[in-house]
Amino acid sequence: MQPENQPVPTTDERLAALTEDEKIQLVSGNGMWRTNSVPRLDVASIVMADGPNGLRYSREQAADGPGAGADFADFISLVTRRGEAAPVQRGPEPATCFPTASTVGTSWDPRLARELGNAFAAECRSFGVGVLLGPGMNIRRTPLAGRTSEYYSEDPLLTGAMVTGVTRGLQERGVGACIKHFAANNSEIERTSMDSVIDERALRDIYLRAFERVVRDAEPWMVMSSYNRLNGLQAAQHPWLLTQVLRDEWGYDGLVVSDWHGITDRPASVLAGNDLDMPESAQRIARLRAAVESGAVPGAALDRSAGRVLRLVDRVTAHAGEPAPFDTDAHHALATRIARAGTVLLANNGVLPLDADATTDALVLGTGATEPVIQGFGSARMTPTRVDVPLTEIGRRTGGPVRHLAGVPAGEHTGTERQAALDEATAAAKTCGVAIVFAHTPQNSDGENADRADLALEAGYDELIAAVAAVAPRTVVVLTVPDAVTMPWLPDVDAVLVPFYAGQGMGSAVASLLYGEHAPAGKLTTTFPRRIADIPAFLGYPGEGGRHVYVEGSLVGYRGYDERDIAPLFPFGFGLSYTTFALSDVTADRATLSDGDSVAVSVRVRNTGSRTGAEVVQIYAQAEHPRVRSGPRELVGFARVELSPGEERTVTIPVAADDLAHWDVTRARRVLSDGPVRLLVGTSSRDLPHAVTVLARTDVPRWKPLRRDTAPAAALGNPVARRAVAGLLAGRLDVDAETADGLLQECRRSFVNVFDTLANRFRLVLDEAEIAQVIAEVADEEAGRAGR
Ligand code: BGC
């Protein structure tokens, strides 16, 4: 312990005072959820806990000391058990089960995300948790992926904005966020060995882009590396990913933690920049110790990671106060508010909102009406403080008990039992006023460690909905699902409401929307396909031979549907309301946009209906002369605005030039497509009736940079290269520059690279060093022109 009246040592002083063994302990887990303490230097042990939709904390986690809570079998069963048998975790403490990212995302409301982060922080503090293992932020490349409900969207701009909100909300209340899983963890098939093979532009523009935004805008205290390989290397051992991109390019100064047991080669992971290894593993510690002793891991690398752990511990302890209980009622109310804000109304022929008086003869169907499906399976699954039951909540609105039938038996059952349940439901549906069917995806197959097999609902539900819709006067379907499902019965039902996995307040949120206490305003954050084969990732998914090639490149989600002109079942950004809105007067505050600029787009929005509601104004960019193929339009800005009937407001949405740019693999930087760019404005990716045009300008030329393999025609198209190559030729042939240029032009049709073409055509032997120098000079001159 620090003697009294001594100045508190700085992080660097403590780092210098640590023994080698203490440093190794510090970068290694202490049991399942803690870091190691160093009592003689007052370095505390901090606690981490899952997860992204609510705190999963058990008293065991407070246990300190070697091996605490580190039972490997427990960990595996926690992640992999499902259904009725799923133990949430031994001795979990109730905490608020907030909506999962699928529902938070569909609110399109970063301010609400920030409030959520504040509430997470209060719950973490009440249990002494210093870092929350969330939010998750991988791109939802396919709706089949097992963890889609833990992630926000198929779009990086939206994902980045929402996760920035949650991260700020957590950290401004003194609890660290751990954004995860870095990077390209987009499927659960062979989750710790599969290689995500992604071309560089797709990686930069889609898969890394949201992380980049959050690192820059919200400075998360922790980043969790992912289980998968990325282009051949384990993500936790990837120097390019964890050091070059994350730290050198983006300036990240926080800590990188492994996913749990995600490291196979601990020394390599330290060298790559994966600082903390979780959870405790005697084997990995021994390997690191041996590598430090042999010098394979230099002292400086160990110091770097140990220093980052010390800084994290300092951040956490600086904010740690006395644990105070959180307000369970207020947090339940927030969970309900977010569930309401994120619920998406996909179809409605006027049946909704229901009139409580006229619909006392409602028939509620589905096991989810009494045992609500509110979260996914795996490490994120936690114990709610309470759960609003949809049937009860509907009864509250109608003022009396409501008839309920399962319609599909829960759990194991025979075909005869299923038929009997279906017959009973259909008979009841004939005499009801409205049938409300709660349906979900299979509850025993997907989640963490397993993708969905298809886009169908749990067996029996498609038949139930179709049979009920055929006889009931009105049929409303409520889908508690992680992501897109197919809807073979869609033309026959009257309304479809999708809360996704909406947490413990789902029951009251849905009832309040069904009965019109509020108007739905959620908008899809992923595209709902008509069939699996329409998903842009289809041809490459789920990979084979250990390699998962992302064949669609950056044409992920709506970009891929739009580029191929494939009609989705429901498009990205789509969602209905009970009121109507008119958009008008779209203007931009500047006519031109250069690198580093931002244009403010203003849109007047008016609620033209008779109810209070919210609309999400969306802006998509469409370059007239795109440099790359990235889909016909891409989301570049949005704002959610709530208006009472007749009210109108002008919203101003900033659009950054950097969000119009794309990664140029030949120049290793983001580059604007110069020329006119239409900023399309509307309320879904396929409903964009307004536009304003700005002129994008950049000094980065369109011509190709000169490389050793550049063909003559391309070299001639690059004036800097043309002059330099002609200069080289002039020197070797002893002719003037103009003559050399003429000779170069004569070589235009050669498909052999320009240097070898000149050598063969003019019987020269060119020196490789001289060629390299010409290439370097051209690159330097271009960089100077582009202001770099
Ligand atoms: C999951 C992480 C989680 C960790 C700890 C892993 O299996 O991928 O998201 O934070 O377990 O429970």
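For the structure itself, consult the block above.
Structure report, in brief. On a predicted model such as this, the values are computed, not experimentally measured, just so you know.

Counting across every chain of the model gives 55 salt bridges. A salt bridge links Glu552 to Arg141; the nearest nitrogen and oxygen atoms lie 2.5 Å apart. Here the residue Glu552 occupies a position in the loop between strand S17 (547-549) and helix H18 (558-564), and Arg141 occupies one in the loop between strand S4 (131-132) and helix H6 (156-171), the gap between them amounting to 411 residues. We classify Glu552 as buried; its relative accessible area is 10%.

Close to the ligand lie 15 residues; Asp50, Arg147, His181, Asp259 and Glu448 are nearest. Lys180 is positioned such that a nitrogen or oxygen atom in its side chain is 2.9 Å from an oxygen atom of the ligand. Within the contact set of the ligand, an oxygen atom lies 2.9 Å away from a side-chain nitrogen or oxygen of Tyr227. Coverage of the ligand by the protein amounts to 100% of the 310 Å² it exposes when considered alone. Where the shell around the ligand is concerned, the elements lending two or more residues are helix H3 (72-80) and strand S5 (176-182). Of the residues in the shell around the ligand, the class split is seven nonpolar, two polar and six charged.

Turning our eyes to something else, we now look at the sheet that holds strand S10 (residues 255-257). What the five strands build is an open sheet, ordered S3-S4-S5-S7-S10; its pairing is parallel. A strand with exactly one partner marks an edge of an open sheet, and here the two such strands are strand S3 (48-49) and S10. Note that S5 and strand S7 (residues 222-225) share three bridges and pair parallel. Across the sheet, Phe182 pairs through a bridge with Ser225, a residue of S7. Against the sheet, helix H9 (residues 239-249) touches S5, S7 and S10, its axis set at about 155° to S10.

Quick look at the side chain of Arg397 now. The topology assignment puts Arg397 in helix H14 (residues 390-398). Assessed through its relative accessible area of 18%, Arg397 is described here as buried. Here the side chain of Arg397 touches Glu393 through a polar contact of 2.9 Å, side chain to side chain. Apart from the residues lying within four places of it in its own chain, the contact partners of Arg397 are Ala356, Ser508, Ala511, Ser512, Tyr515 and Glu517.

Further remarks concern the sheet that holds strand S15 (residues 475-480). Judged by pairing direction, the sheet is mixed, and its six strands sit side by side in the order S11-S16-S15-S14-S12-S13 without closing on themselves. Of all the strands in the sheet, just strand S11 (344-348) and strand S13 (403-405) have a single pairing partner and so form its edges. When strand polarity is set aside, the average angle formed by the axes of neighbouring strands in this sheet is 15°. Pairing of S15 with strand S16 (residues 495-498), which is carried by three bridges, proceeds in the parallel orientation. Looking at the pairing, Val478 lines up with Leu497 of S16. Strand contacts of helix H16 (residues 461-471): strand S12 (362-365), strand S14 (434-440) and S15, with the helix running at about 170° to S14, the strand carrying the most contacts.

The next point concerns the nonpolar core. Counting residues in hydrophobic clusters, the biggest one holds 101 residues, and the most contacted among them are Leu55, Phe182, Leu352, Ile394, Ile436, Leu514 and Leu635. The element contributing the most residues to this core is helix H5 (residues 110-127), with eight residues. Contact partners of Leu55, with chain neighbours within four places excluded, come to Ala49, Asp50, Ala95, Thr96, Glu123, Cys124, Phe127, Val129, Leu132 and Met382. By size, the runner-up hydrophobic cluster in this structure holds 40 residues, among which are Leu288, Ala291, Val292 and Leu312.

Let's shift gears to the packing of aromatic side chains. Inspection of the entire model under this criterion finds 13 aromatic pairs. Centre to centre, the rings of Tyr207 and Tyr550 are 5.2 Å apart; their planes meet at 75°, and the pair counts as edge-to-face. Pair noted here: Tyr207 is in helix H7 (residues 200-207) and Tyr550 is in the loop between S17 and H18, with a separation of 343 residues, a long-range link. Classification of Tyr550 as buried rests on a relative accessible area of 4%. Clustering of aromatic rings is evident, with ring pairs tying together Trp108, Tyr558, Phe572, Tyr620 and Phe638. Taking the ring centre of Tyr550 as reference, the NZ or CZ of Arg141 above it sits at 3.8 Å. When the ring centre of Trp663 is taken as origin, the NZ or CZ atom of Arg204, which lies over that ring, is 3.9 Å away.

Turning our eyes to something else, we now look at the pairing of S15. Moving residue by residue along a regular strand, the side chains alternate between the two faces of the sheet. Counting buried residues in S15 gives six out of six residues, a clear majority hidden from the surface. The two faces of S15 match: Thr475, Val477 and Leu479 on one face and Val476, Val478 and Thr480 on the other face are all buried. Running through H16, the crossover from S14 to the neighbouring parallel element S15 is right-handed.

The rules we used
- Residues numbered from 1 in each chain as written.
- Predicted model: local features only at pLDDT ≥ 70, side-chain atom pairs only at ≥ 80, totals over all residues.
- Heavy atoms only, no water.
- Salt bridge = Lys/Arg side-chain N within 4 Å of Asp/Glu carboxyl O.
- Helix = DSSP H or I, 4+ residues; strand = E, 2+ residues; numbered from the N terminus.
- Buried < 20%, exposed > 50% of the residue type's maximum accessible area, 1.4 Å probe, protein only.
- Near = heavy atom within 4 Å.
- Polar contact = N/O pair within 3.5 Å; in protein donor to acceptor, adjacent residues only side chain to side chain.
- Areas by Shrake-Rupley, 256 points an atom, 1.4 Å probe, with all protein chains shown as cover.
- Nonpolar A, V, L, I, M, F, W, Y, C, P; charged D, E, K, R; others polar.
- Pairing = 2+ DSSP bridges.
- Contact = heavy atoms within 4.5 Å.
- Axes fitted to C-alpha atoms, helices over the stretch in contact; angles between N-to-C directions.
- Core = buried A, V, L, I, M, F, W, Y, C linked by side-chain atoms within 4.5 Å.
- Phe/Tyr/Trp six-rings, centres within 6.5 Å; stacked < 30°, edge-to-face > 60°.
- Lys NZ or Arg CZ within 6 Å of the ring centre and 35° of its normal.
- Right-handed = clockwise from strand over helix to strand, strands pointing away.

Keep in mind these numbers describe shape, not what the thing actually does.
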